[in-house]
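Each chain, letter by letter, is given below.
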Amino acid sequence: MHLHKYERIWLISGISALILFLTILGFGAFYLGTHPQSHGVIIDPGNIEANEAFQTENLGLTKVDDDKYIVNIVATAFNYDLGVDDEGKPVKNIKIPKGATVLFQVVTPDVVHGFNIAGTNVNMMVEPGFISSIETEMNQAGEFTLLCNEYCGVGHHMMFATVEVYE
Ligand code: CUA
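Residues numbered from 1 in each chain as written. Predicted model: local features only at pLDDT ≥ 70, side-chain atom pairs only at ≥ 80, totals over all residues. Heavy atoms only, no water.

### Brief notes about the packing of aromatic side chains
1) Next: Per the counting criterion, the structure on display carries two aromatic pairs.
2) Next: Plain terms: the ring middles of Tyr 80 and Phe 115 are 5.8 Å apart, the flat faces sit at 90 degrees to each other, and that makes the pair edge-to-face. Remark: Phe 115 occurs in strand β7 (residues 113-117) and Tyr 80 occurs in strand β4 (residues 79-81); sequence separation between them is 35 residues. For the pair formed by Tyr 80 and Phe 115, the shared burial category is buried.
3) Next: Between Phe 104 and Phe 115 the ring centres are 5.7 Å apart and the planes differ by 55 degrees, which places this aromatic pair in the tilted class. Of this pair, Phe 104 sits in strand β6 (residues 101-107) while Phe 115 sits in strand β7; the two residues are 11 residues apart in sequence, bridging distant segments of the chain. Like Phe 104, the residue Phe 115 is buried in the burial classification. (Phe/Tyr/Trp six-rings, centres within 6.5 Å; stacked < 30°, edge-to-face > 60°. Helix = DSSP H or I, 4+ residues; strand = E, 2+ residues; numbered from the N terminus. Buried < 20%, exposed > 50% of the residue type's maximum accessible area, 1.4 Å probe, protein only.)

### Observations regarding the pairing of β7
1) Next: Counting buried residues along β7, five of its five residues qualify, which places the element largely inside the surrounding structure.
2) Next: Taking every second residue as pointing to the same face, both faces of β7 are buried, with His 113, Phe 115 and Ile 117 on one and Gly 114 and Asn 116 on the other.
3) Next: Bridging between β7 and strand β8 (residues 123-126) involves four bridges; their strand directions are antiparallel. What sits directly across from Asn 116, in β8, is Asn 123.
4) Next: Between β7 and the antiparallel strand that follows it, β8, lie five residues; Gly 119 among them carries a positive phi value of about 95 degrees.
5) Next: Sheet topology places β7 next to strand β10 (residues 142-147); two bridges connect them, and they run antiparallel. Bridging across to β10, Asn 116 finds its partner in Leu 147. (Pairing = 2+ DSSP bridges.)

What follows is the structure, encoded as C-alpha cells:
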C-alpha cells in the first residue's frame, strides 16, 4: 500500500491532535479530583439518615443564629422533603427574612435532581452520593420558585416548592 506524502502528514497531524485533546481532557477531568464545587462531601445514598442533618426532624428551615439559617432538604422523585409543619403536613414553603444568610444542604437517595431557586444564584445539581450545598445571602424580597431543573422522570414537572423572602 502506498500512502501519499500529504496523506501521511494529515494522518499524523490528525492522530496527534486527537491524542493531544484526549490528554488535555483526561488531565482536566481527573487532576486533583476535580468535581463540581458544591459536591465536596460524600454520603451513602442508601442510608442518608446516618447523617444527622437529613433525619426527618432536622429537615427544612432551622435558625442557627441571628440572620443565619440552614435548610436541609431530601430531594426524591418527585418531591422536595422540607419536613413537616406543626400539624404534620409536608412543608412546601419556606419563609426567610430578607438579608439572611442561608446554607442549603441537599441530598437524594434516588436519581439526579436539580435544585434551582429561580431568580436567584442558587442552582445546583443533586447527585446520589453527594451533599450538595450552597451558602447564599437572600437579598431580594419576594416569592421564588424552587424547582428541579434536571429531568428525573414522569413527575419531574411536579417537583417544586416555594421560597418566600420577606422584608
Ligand atoms: Cu427531580 Cu426533575
